[in-house]
Amino acid sequence: MEELTSLSISWCSNKFRPCVPCHHMREYRYVFGAVEPLTGERFFLVMPNCNTNNMSIFLKELSKTYSEDIMILVCDGAAWHKSKNLEISGNIIITHIPPYTPEMNPIEQIWKQIRQMGFGNKIFRILKAVVDRLCDTINLLTDELVKSITLREWIYSVV
């Protein structure tokens, strides 16, 4: 029984609910990303939080990386995408999709692809292993794969 207890499994009469002490710790990291559906180019940053400050950092780094381009970012209604304190660089224009329409945002399919490629039925003991897998999976994305899952007819017709 001691062996079972160490696995947080216990047996008791069906008249009682067992009390099994456990401690779950949750830690998170967040990926901020932008893709160019016509070319498959992509830019990602793994950040410790989803907030206005980290969104501003992401936009600043994106702007520096593509300083010669004008970028239109399609964002959902997350608070950090709409904050009055968000620092938006001069070569970035943010537009928002209507509420409850994630299918209109091409990056949503990238998140789904990353989950499928790197995280199906996986258990990680430490956060570093998760971040390492995340980065490795992001690096497996090719231009062709990104184009194939993000290019929508409405995007192509606008260009």
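The structure displayed is predicted, hence computed values, not measured ones. (Residues numbered from 1 in each chain as written. Predicted model: local features only at pLDDT ≥ 70, side-chain atom pairs only at ≥ 80, totals over all residues. Heavy atoms only, no water.)

**Observations regarding the pattern of salt bridges**
What counts, and what does not: Between Lys or Arg on one side and Asp or Glu on the other, a salt bridge is scored when a side-chain nitrogen of the former is within 4 Å of a carboxyl oxygen of the latter. Helix and strand assignments follow DSSP, with helices taken as H or I runs no shorter than four residues and strands as E runs no shorter than two, numbered in order from the N terminus. Partly exposed residues are those whose accessible area sits between 20% and 50% of the maximum for their type, while under 20% is buried and over 50% is exposed, using a 1.4 Å probe and protein chains only.
Scanning all chains against the criterion turns up four salt bridges. The salt bridge partner of Asp132 is Lys128, with a shortest N-O separation of 2.7 Å. Within this pair, Asp132 and its partner Lys128 are both found in helix α5 (residues 127-140), separated by four residues, close to a single helical turn. For Lys147, the salt bridge is made with Glu144, and the minimal N-O distance between the two is 3.0 Å. Residue Lys147 and its partner Glu144 are both found in helix α6 (residues 143-150); the two are separated by three residues, about one turn of the helix. Here Glu144 falls in the exposed class, since its relative accessible area comes to 52%.

**Considering the nonpolar core**
The cut-off we apply is this: Residues belong to one nonpolar core when they are buried, are Ala, Val, Leu, Ile, Met, Phe, Trp, Tyr or Cys, and are joined through side-chain atoms within 4.5 Å. By definition in these notes, contact holds between two residues if any of their heavy atoms fall within 4.5 Å.
In terms of nonpolar packing, the biggest core is built from 15 residues, with Met55, Phe58, Leu59, Leu62, Leu73, Ile92 and Ile94 touching the most fellow members. Elements with a contribution of two residues or more to this core: β1 (30-35), β2 (42-47), α2 (52-65), β3 (71-75) and β4 (92-96). Apart from the residues lying within four places of it in its own chain, the contact partners of Leu62 are Ala34, Phe43, Met71, Leu73 and Ile92. Ranked by size, the runner-up nonpolar core spans 10 residues in total, among them Ile107, Ile114, Leu134 and Val146.

**A word on the packing of helix α4 (residues 107-118) against α5**
Helix-helix packing: each pair is described by the crossing angle between the helix axes and the interaxial distance. Test applied: The axes used here are C-alpha line fits, helices contributing only the stretch in contact, and every angle between their N-to-C directions lies in the interval 0 to 180 degrees. Should an angle fall under 35 degrees it is called roughly parallel, over 145 degrees roughly antiparallel, and 65 to 115 degrees roughly perpendicular, with every other angle called oblique. Left-handed is the label given to a crossing in which the near helix is rotated counterclockwise from the far helix by less than a right angle, and right-handed is the label when the rotation is clockwise.
At a closest axis distance of 9 Å, the pairing of α4 and α5 adopts a crossing angle of 115°. Taken together, the axes of α4 and α5 lie roughly perpendicular to each other. Between α4 and α5 lies a crossing whose hand is right-handed. Residues Ile114, Met117 and Gly118 of α4 form the contact with α5, whose participating residues are Arg133, Leu134, Thr137, Ile138 and Leu140.

**Some remarks on the confidence of the model for the protein**
This is how the line gets drawn: Note: pLDDT gives the predictor's confidence per residue, expressed from 0 to 100.
Averaged over every residue, the pLDDT of the protein is 87; the share at 70 or more is 87%. Per-element confidence in the protein ranges from a low mean pLDDT of 37 for helix α1 (residues 2-6) to a high of 98 for α2. Scored below 50 in pLDDT, residues 1-7 makes four contacts in the model with residues more than four places away or belonging to other chains.

**Some points on the side chain of Ser63**
Residue position: Ser63 is located in helix α2. With a relative accessible area of 12%, Ser63 lands in the buried category. With residues up to four places along the chain from it excluded, the contact list for Ser63 reads Met71, Ser89, Asn91 and Ile92.

**A short note on the pairing of β3**
A regular strand places its side chains on the two faces of the sheet in alternate fashion. Heads up, the condition is: For two strands to be treated as a pair, DSSP must find no fewer than two bridges joining them.
Covered by surrounding structure in β3 are Met71, Leu73 and Cys75 only, the residues Ile72 and Val74 on the alternate face being uncovered. When β3 meets β4, the two strands line up parallel, connected through five bridges. Within β4, the position partnered with Ile72 by the bridge is Ile93.

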